[in-house]
Amino acid sequence: MNTFFSGAGLRRLRVMTHKELLQLFRDVALMVFFLYAFTGDIYIAASGVSMQLKNAAIATLDGDHSLASRELASRFQPPYFQAAGSAGTPQQAIRHLDDGDVMAVLDIPPRFGERLARGEQVAVQLQVDTSNSVLGFLASSYGAQIVGRYGLEVAALREGLGSGGISGPVIQADTRIWYNPNQNDAWFMGISELLTVITLFAILLPAAAMVREKERGTIEQLMVTPLSAFQILFPKVIAMTLVILAGTAIALFGVLGPGFDLPMRGSLVLFFLITALYVFTTAGLGLLAATVARNLAQVGMLTVVILMPMLLLSGAWTPIEAMPEWMRILAWISPLHYFLDAAYGILLKGTGMDLLWDSVLAMGLLGVLVFGAGMGRFGRQFG
C-alpha cells in the first residue's frame, strides 16, 4: 500500500477532501445555520450584549426634600443611571425593586442637608437589585463613588476651600487603559462569540460528517477500500477546517471589521494558522463524539455536552484565578483556554509567536492526543 505522503496518498487525500466538501455544501440546512452563525449571530452578540452599566433605573426615597438631597439625587445621571421618579414610602421602594421597575433606590434620610451643614456624619442608603450580580456590583460601585465624591465637595465647601479643593498633598489616580481604551464591549463580545462559533462547528461538522456516513451505510464501504483509518478521518478534518477558516474570514472582514472597527493589530496570517491548529485540536473531540453517537440528533446533544464545559473553563467569563482549584486544573486541559489567549493577544494586543509559543505548543499536543484517541476508537469500532 502506498504511504500517505506518496503521490497516490496525496491524491487520495485530495479526492476525499473534495468529497467531504461536496457533501457539506449539499446540506442546505447546515450551511444556512453555518452562514448565520458566522454573520448574524456574531453581529447580534457584538451589538446587543453589553457588560457595562447603562441607564440603570434608579428611584429616590427623599426623606429630607432639601437642596442638598436634591443635589445628591441629581448626581445619579446617564450614562450609568437614569432617574425613574420618586418613591413615596419605604414600602413603595421595596415594591419597585421586587417588581423590577427599578434597579436601585437611593434612600436619603431626614435632616440630611442640616446635618451636612453642621459637619455631622450622615449615612445614605443605596438599595440595589443584584439579581444580575455583575450589573448589581457595578451599580453599587458607581453609586459609592458618586456619594463619596459629593461628600468631598461638601466638606471642601464647608471648610471654605471653594473650588480650589482640599489643600495639601492629594493622590490623584491617572488611569491608562490599554488595548481597548474606549472599553468597547463590541470588541470583546464579538471576538468571544466568534471563538464560540468556531468551537461549535469544529466539534459539530466532523462529527456530523462521520455520523452521516453511518446513517447512509457508506462507512462500511470506506472500510473495505485501501484507505486507512487516518486517510478516512483526516480529509474530514481538513475539509471542515477550510470551511471554518472561510467562515472566520467572513466574520472578521465582513462583520467585526467594517461593522465595529475591530483593530486586528497582530498578524492575521498567524491568527488563521493558530485557528487551523485549534480546529484540528477540537475536531478530535467531534470524532470521539461520532464514535459514540448513532444519529445526527445525538451528535447535536453531545456537542452541547462538550461545548459548555469548554466555554466555562476557558476563562472568557470567569478569570482562571477566580475558579476553585480543581476547575483551574481542568482549565489547563481545555484547548479553548489557549485559543482564547492567542486570539485576544493577536487581534487586540498585536502579540506574536514569541509570547504565544507555549499556548500553541499546548494546543498542538492536545490536538495530537485527542485526534489520536478518536482515530484509535474509530479503528477499534470499524476495524
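The structure this text deals with has already been given above.
Summary of the structure given here. (Residues numbered from 1 in each chain as written. Predicted model: local features only at pLDDT ≥ 70, side-chain atom pairs only at ≥ 80, totals over all residues. Heavy atoms only, no water.)

Structural notes on the overall build of the protein chain
A count of helical and extended segments in the protein chain gives 14 helices and four strands. For 383 residues, the compact-globule formula gives about 21 Å, and the C-alpha radius of gyration of the protein chain, at 29 Å, lies well above that figure. Projected onto its principal axes, the C-alpha positions of the protein chain cover 95 × 45 × 40 Å. The buried share of the protein chain, reckoned over its 383 residues, is 45%. Sequence-distant contacts, at least 24 apart, represent 78% of the contacts inside the protein chain between residues at least 6 apart. Of the roughly 19800 Å² of accessible surface on the protein chain, a fraction of 62% belongs to carbon and sulfur atoms. Separation of charge centres in the protein chain, based on 25 positive and 27 negative side chains, amounts to 12 Å. (Helix = DSSP H or I, 4+ residues; strand = E, 2+ residues; numbered from the N terminus. Rg over C-alpha atoms; globule rule 2.2 N^0.38 Å. Buried < 20%, exposed > 50% of the residue type's maximum accessible area, 1.4 Å probe, protein only. Contact = heavy atoms within 4.5 Å. Areas by Shrake-Rupley, 256 points an atom, 1.4 Å probe, with all protein chains shown as cover. Lys, Arg positive; Asp, Glu negative; His and termini not counted. Charge placed at Lys NZ, Arg CZ, Asp CG, Glu CD.)

Re the side chain of histidine 337
Structurally, the position occupied by histidine 337 is in helix H13 (residues 335–349). Here serine 314 takes part through its backbone oxygen, which lies 3.3 Å from a polar atom of the side chain of histidine 337. Contact partners of histidine 337, with chain neighbours within four places excluded, come to Leu313, Ser314, Ile320, Ala331 and Trp332. (Polar contact = N/O pair within 3.5 Å; in protein donor to acceptor, adjacent residues only side chain to side chain.)

Here's the deal with the environment of serine 314
As for its position among the elements, serine 314 is in the loop between helix H11 (296–312) and helix H12 (325–331). Distance in space between the C-alpha atoms of serine 314 and arginine 328 is 9.7 Å, their sequence separation being 14 residues. Sequence-distant contacts of serine 314, defined by excluding residues within four places in its chain, comprise Ile320, Leu336, His337 and Leu340. At 2.7 Å, the side chain of serine 314 and the backbone oxygen of leucine 311 are in polar contact.

What about helix H7 (residues 185–216)?
Counted at 1.5 Å a residue, the expected span for H7 with its 32 residues is 46 Å, and the 45 Å between its end C-alpha atoms agrees. Counting buried positions along H7 yields 28 of 32 residues, so the element is predominantly enclosed. Just past H7, the residue glycine 217 takes up positive phi, approximately 75 degrees. (Expected span 1.5 Å × (residues − 1).)

Digging into the sheet that holds strand E3 (residues 104–108)
Strand order across the open sheet formed by four strands is E2-E1-E3-E4, with mixed pairing between neighbours. The open sheet has two free edges, formed respectively by strand E2 (81–86) and strand E4 (125–128), since each of these has just one partner strand. Averaged over all adjacent pairs, the angle separating strand axes in this sheet is 25 degrees, with direction ignored. Pairing between strand E1 (residues 56–62) and E2: four bridges, direction parallel. Across the sheet, alanine 57 pairs through a bridge with glutamine 82, a residue of E2. (Pairing = 2+ DSSP bridges. Axes fitted to C-alpha atoms, helices over the stretch in contact; angles between N-to-C directions.)

A short note on the packing of H7 against H13
Between H7 and H13, whose axes approach to 11 Å, the crossing angle comes to 140 degrees. Taken together, the axis directions place H7 and H13 in an arrangement best described as oblique. As for how H7 packs across H13, the hand of that crossing is right-handed. Of the residues in H13, those touching H7 at Trp187, Phe188, Ile191, Ser192, Leu195, Ile198 and Thr199 are Leu336, Phe339, Leu340, Ala343, Tyr344, Leu347 and Leu348. (Parallel < 35°, antiparallel > 145°, perpendicular 65-115°, else oblique. Left-handed = near helix turned anticlockwise from the far one by under 90°.)

Considerations on the pattern of salt bridges
In the structure shown here, the tally under the stated rule is eleven salt bridges. With its nearest N and O atoms 3.7 Å apart, the salt bridge here joins arginine 111 to glutamate 114. The class for arginine 111 is partly exposed, based on a relative accessible area of 42%. (Salt bridge = Lys/Arg side-chain N within 4 Å of Asp/Glu carboxyl O.)

Comments concerning the nonpolar core
Among the nonpolar cores identified, the biggest contains 78 residues, and Phe38, Phe201, Ile244, Leu252, Leu262 and Ile274 are the most heavily contacted of them. Ranked by the residues each element gives to this core, the list is headed by H7, at 17 residues. When near neighbours in sequence (up to four residues on either side) are disregarded, leucine 262 contacts Trp187, Ile191, Leu252, Leu256, Gly257, Leu347 and Leu348. Judged by nonpolar contacts, the second largest core, of 20 residues, contains Ile58, Ala104, Leu138 and Tyr142. (Core = buried A, V, L, I, M, F, W, Y, C linked by side-chain atoms within 4.5 Å.)

Quick notes on helix H1 (residues 7–26)
For H1, with 20 residues, the first-to-last C-alpha span of 29 Å sits near the 28 Å given by 1.5 Å per residue. All of the buried residues along H1 are Ala8, Gly9, Leu13, Met16, Thr17, Glu20, Leu21, Gln23 and Leu24.

A look at unusual backbone geometry
A cis amide bond links proline 78 with the next residue in sequence, proline 79, at an omega value of 15 degrees. Its place among the elements puts proline 79 in the loop between helix H3 (67–74) and E2. Even without glycine at this site, asparagine 55 takes up a positive phi of about 50 degrees. Structurally, asparagine 55 can be placed in the loop between helix H2 (28–48) and E1. One non-glycine residue, aspartate 261, adopts positive backbone phi at about 55 degrees. As for its placement among the helices and strands, aspartate 261 is situated in the loop between helix H9 (229–260) and helix H10 (268–292). Aspartate 261 sits in the exposed class, given a relative accessible area of 58%.

Observations concerning the environment of tryptophan 187
Here tryptophan 187 shows up in helix H7. For tryptophan 187, a relative accessible area of 11% gives the class buried. Residues contacting tryptophan 187, with those up to four places away along its chain left out, are Tyr179, Asn180, Phe260, Asp261, Leu262, Pro263, Arg265 and Leu348.

Observations concerning a nonpolar patch on the surface
Residues Phe33, Tyr36, Tyr43 and Ile44 make up a contiguous nonpolar surface patch of about 410 Å² in total accessible area. Mapped onto the elements of the fold, phenylalanine 33 is located in helix H2. On the basis of relative accessible area, phenylalanine 33 is assigned to the partly exposed category, the value being 36%. (Patch = residues over 30% accessible without salt bridge, like charges linked within 9 Å, V, L, I, M, F, W, Y side chains within 5 Å.)

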